[in-house]
Amino acid sequence: MFQSARTKLTIYYTIIIMTVSLFFSLIIYQITTSEIEHKIKSVGQKLVLKDIKTMMMDQPFDYTNKKLNLSKRINEIETLLSNEISNSKKKIAYELIVLNTLILIFSATASYLLSGYTLEPINQSLKAQKQFISDASHELRTPLTALKTTIEVALRNKSVKKNKKITQLLTDNLSEVNNIIALSNSLLNLNRYYNNGSSLDFEEIELQDTINDSIKQINKQAKQKQITIKTKLTKIKLKADRSSIVELLLILLDNAVKYTQPKGQITVESLKDKNFAVIKVSDTGIGIPKKYQEKIFERFFRLDSSRTKQNETGFGLGLAIAKKITALHKGSISVISQPNQGSTFIVKLPIKPS
Ligand code: ADP
């Protein structure tokens, strides 16, 4: 991210400097050439006048011959002047081109160095922020897991089971703890993928099997809402990091289940399109209004939770992670959706990423 921001800033700085430089170069060219043209022409006029004077004094006075000589001389002077003017223009243009090339080299180098210098504190603070998120998520994991186990054990206790109020309270607590665990896992994942996916392990995977494995993991959730999952899968082998592709599919499937009313339907399709493997996850859910279809891929962006009658939990990190995973595979993710009709998320992954 730092490198791409630095490159962008360098390009912007250089464009600004070069626009100013070219603008002034054009003005300088116009002023200098018209001045030189004017001077050369006045020198020419003086030369012609001098020639006329000399001819008038010559004896014997042969008018026809003098007229002929004079017009020849004027032609000569005119050619000389126009050559001189065009040479001077060429020289000025050449000098300005050299000057602008030097300005371009200097401004690009200076912009690159300066943008690096300007962005470095931001880069450092982003690194510190990432480190903090990662450390905090790690530190939270152990006590949260312990808390979760304690609540689960307490819920199995016979005397607790008898007391409905306490059971309800503990169940609510368990659900909150699960939410925080999900958040800390999402933050850890986001950090992992934003660190340029150095931990990704690319290998040949069978997409059909990977999709089936992911569906198995989401089946329980879907059954609870009586949602059926249909598949239309093609056998495709591609080079990818299997665990992150499973994660990407789980994000899309989990959302499809979350944002589809009970008894709805989810369809997962995979097909080959030239050098790409295409995965489509469609649902018959609540859909996404057009104006939010780009925004949902941003970190922490969530649509109004009142849209779902069940007030689904989430932190708006799933699709940001999904987008990052596809980018790390040099692929893309997009959505086609109609409110109240459903959504189709389309993932395109190159079969052999370069
Ligand atoms: P989360 O689901 O945790 O809120 P996501 O980043 O996965 O976060 O999704 C962002 C938002 O996009 C969600 O809050 C939801 O409003 C919308 N969204 C995602 N998937 C779907 C879907 N299949 N149908 C309708 N809305 C969706």
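Residues numbered from 1 in each chain as written. Predicted model: local features only at pLDDT ≥ 70, side-chain atom pairs only at ≥ 80, totals over all residues. Heavy atoms only, no water.

Visitor: Would you take a moment to explain the domain arrangement of the protein for this structure?
Guide: Many structure descriptions define interface size as the accessible area lost when the parts assemble. Assigned domains of the protein: these are domain 1 (2-126), domain 2 (128-197) and domain 3 (203-350). Computed over C-alpha atoms, the centres of domain 1 and domain 2 are 72 Å apart. (Domains from an automatic or database assignment.)

Visitor: Please explain the pairing of strand β6 (residues 332-338) as it appears in this structure.
Guide: For a regular strand, side chains alternate in direction, first toward one face of the sheet and then toward the other. Of the two faces of β6, the one lined by I333, V335 and S337 is fully buried and the one lined by S332, S334, I336 and Q338 carries no buried residue. Pairing of β6 with strand β7 (residues 342-350), which is carried by seven bridges, proceeds in the antiparallel orientation. The residue bridging S337 from the neighbouring strand is S343, located in β7. Here β6 folds back onto β7 in antiparallel fashion, the turn holding three residues, of which N340 has a positive phi close to 65°. (Buried < 20%, exposed > 50% of the residue type's maximum accessible area, 1.4 Å probe, protein only. Helix = DSSP H or I, 4+ residues; strand = E, 2+ residues; numbered from the N terminus. Pairing = 2+ DSSP bridges.)

Visitor: Whenever I open this one, helix α1 (residues 2-57) confuses me. Can you help?
Guide: Residues that lie three or four places apart on an α-helix share one face, since the helix turns once every 3.6 residues. Between its terminal C-alpha atoms α1 stretches 81 Å, which fits the 82 Å expected from 56 residues at 1.5 Å a residue. Within α1, the full set of buried residues consists of R6, T10, T14, M18, S21, S25, T33, I40, G44, V48, D51 and M55. (Expected span 1.5 Å × (residues − 1).)

Visitor: What exactly am I supposed to notice about the sheet that holds β7 here?
Guide: Whether parallel or antiparallel, the strands of a sheet pair through hydrogen bonds between backbone atoms. Read from one edge of the open sheet, five strands run β2-β4-β5-β7-β6, paired in mixed fashion. The open sheet has two free edges, formed respectively by β2 (228-232) and β6, since each of these has just one partner strand. Strand-to-strand twist of the sheet, defined as the mean angle between neighbouring strand axes without regard to direction, takes the value 15°. Sheet topology note: the strand β5 (residues 276-283)/β7 ladder contains eight bridges and is antiparallel. Paired with A277 across the bridge in β7 is L349. The strands that helix α5 (residues 207-224) touches are β2, β4 (265-273) and β5; relative to β2, the one it contacts most, it runs at about 170°. In the packing of helix α6 (residues 242-258) onto the sheet, the strands contacted are β4, β5, β6 and β7, and the crossing angle to β5 comes to about 20°. (Axes fitted to C-alpha atoms, helices over the stretch in contact; angles between N-to-C directions. Contact = heavy atoms within 4.5 Å.)

Visitor: So what exactly am I meant to see when it comes to the pairing of strand β3 (residues 237-240) here?
Guide: Taking every second residue as pointing to the same face, the buried face of β3 carries L238 and A240, while none of K237 and K239 on the other face is buried. Here strand β1 (residues 203-206) pairs with β3 via four bridges, running antiparallel. Looking at β3, one finds that E206 is bridged to K237.

Visitor: Just to check I follow, could you spell out the environment of V20 for this structure?
Guide: With respect to the helices and strands, V20 occurs in helix α1. Along the primary structure V20 and S34 are separated by 14 residues, whereas in three dimensions their C-alpha atoms are 22 Å apart.

Visitor: What is the right way to look at the pattern of salt bridges in this model?
Guide: Between side chains of opposite charge, a pair can form when the charged atoms approach closely. Scanning the entire structure with this criterion turns up five salt bridges. Close ionic contact of K89 with E37 constitutes a salt bridge, the shortest N to O distance being 3.6 Å. Taken together, the residues span a long stretch of sequence, with K89 in helix α2 (residues 63-156) and E37 in helix α1 at a distance of 52 residues. We classify E37 as partly exposed; its relative accessible area is 23%. Across the salt bridge formed by D213 and R242, the nearest N and O atoms sit 2.6 Å from each other. Remark: R242 occurs in helix α6 and D213 occurs in helix α5; sequence separation between them is 29 residues. Each of E37, K41 and K89 takes part in salt bridges that share partners, so that together they form one network. (Salt bridge = Lys/Arg side-chain N within 4 Å of Asp/Glu carboxyl O.)

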